[in-house]
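Here are the chains, one letter per residue:
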Amino acid sequence: GDSVTQMEGPVTLSEEAFLTINCTYTATGYPSLFWYVQYPGEGLQLLLKATKADDKGSNKGFEATYRKETTSFHLEKGSVQVSDSAVYFCALSPGGSYIPTFGRGTSLIVHP
Amino acid sequence: NAGVMQNPRHLVRRRGQEARLRCSPMKGHSHVYWYRQLPEEGLKFMVYLQKENIIDESGMPKERFSAEFPKEGPSILRIQQVVRGDSAAYFCASSPQGAGRNGELFFGEGSRLTVL
């Protein structure tokens, strides 16, 4: 079945540091790939997406490139802020079914 | 345009009681997904519904759990005879069509169930 694997957290960084959160996937066919963000006490919201190989999704300084050859969709940001502290979820849809599949989430903590 | 509305936000039940969680999707959305979030386990799919139909309930336990999305009114996730292991955050998400390649889901803020 479909699956998404994310690096374990928490990831702890100082403000203005470079961020990478790794995400790899297994899926049937050619899914679209997503990053969602969950701030404390809130639901998930879409951060960025890419619908085909080599596409780059970007939003709010975050970027991720759809790499079919390595089945990866790593999230990056050049300079994190305290306000970026949240849990980040990698997801795919559709794979073998029409149910979006989520990774376990990676907690990011940014210190001033 | 109101987002996905879930209530209650917090619910406390004793073992053996029933829990009912409600979800009103965004206006114009007829597809609803329920996910459960447990600490350290991420989001687990439970059930996918369209108006008056259960499309996929493969992630939902066979016993004690049920879901509906009637023609009028919110979607309801019902847990009968709750046990401590049911304590979790339950998230509802909606989309205007099936998630498909566009895939974007719009999430509510979740209902946090605590079983004493």
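Preceding this paragraph is the structure being described.
In what follows, the accompanying structure is described.

Calculation criteria
Residues numbered from 1 in each chain as written. Chains lettered and ligands numbered in written order. Predicted model: local features only at pLDDT ≥ 70, side-chain atom pairs only at ≥ 80, totals over all residues. Heavy atoms only, no water. Helix = DSSP H or I, 4+ residues; strand = E, 2+ residues; numbered from the N terminus. Rg over C-alpha atoms; globule rule 2.2 N^0.38 Å. Buried < 20%, exposed > 50% of the residue type's maximum accessible area, 1.4 Å probe, protein only. Contact = heavy atoms within 4.5 Å. Lys, Arg positive; Asp, Glu negative; His and termini not counted. Charge placed at Lys NZ, Arg CZ, Asp CG, Glu CD. Salt bridge = Lys/Arg side-chain N within 4 Å of Asp/Glu carboxyl O. Buried area = accessible area lost by both parts, 1.4 Å probe. Polar contact = N/O pair within 3.5 Å; in protein donor to acceptor, adjacent residues only side chain to side chain. Nonpolar A, V, L, I, M, F, W, Y, C, P; charged D, E, K, R; others polar. Disulfide = S-S within 2.5 Å.

1. A look at the overall build of chain B
Secondary structure summary: chain B contains zero helices and eleven strands in total. Along chain B, from the amino end to the carboxyl end, the secondary structure elements read β-β-β-β-β-β-β-β-β-β-β. Its C-alpha radius of gyration of 13 Å places chain B within 12% of the 13 Å reference for a compact globule of 116 residues. Taken along the three principal axes of its C-alpha coordinates, chain B extends 40 × 30 × 30 Å. Out of the 116 residues in chain B, the part that is buried amounts to 44%. When contacts within chain B are restricted to residue pairs at least 6 apart in sequence, those whose partners lie at least 24 apart make up 53%. Each charge sign in chain B was given a centre, from 17 positive and 12 negative side chains, and these centres are 5 Å apart.

2. Considerations on the pattern of salt bridges
In the structure shown here, the tally under the stated rule is seven salt bridges over all chains. For Asp84(A), the salt bridge goes to Lys77(A), with nearest N and O atoms at 2.7 Å. For Asp84(A), a relative accessible area of 6% corresponds to the buried category. The network of salt bridges with shared partners includes Glu18(B), Arg20(B) and Arg78(B).

3. A look at the interface of chain A and chain B
Taken together, the 23 residues of chain A in the interface contact 24 residues of chain B. Overall, the association of chain A and chain B removes approximately 1800 Å² of surface from exposure, summing both partners, and the carbon and sulfur fraction of that is 52%. One can count zero salt bridges joining chain A with chain B. In this assembly, chain A and chain B are joined by four residue pairs in polar contact (both at pLDDT 80 or more). Elements represented by at least two residues in the side of chain A that touches chain B include exactly strand 5 (32-38), strand 6 (44-50) and strand 10 (86-93) of chain A. Per-element accounting of the side of chain A that touches chain B gives the leading share, four residues, to strand 5 of chain A. Class assignment of the residues belonging to the side of chain A that touches chain B gives a composition of twelve nonpolar, seven polar and four charged.

4. Brief notes about the state of the cysteines
Residue and element names in this part refer to chain A. A full pass over the atoms with the stated rule returns two disulfides over all chains. Between the sulfur of Cys 23 and that of Cys 90 lies a disulfide, 2.0 Å long from S to S. Residues Cys 23 and Cys 90 are joined through a disulfide that is left-handed, its torsion about the S-S bond being -70°. Placement of Cys 23 in strand 4 (residues 23-26) and of Cys 90 in strand 10 is noted, with a sequence separation of 67 residues between them. Taking relative accessible area as the criterion, Cys 23 reaches 1% and is therefore assigned buried. By relative accessible area, Cys 90 is classed as buried at 2%.

As far as function goes, none of this settles anything; it's purely spatial.
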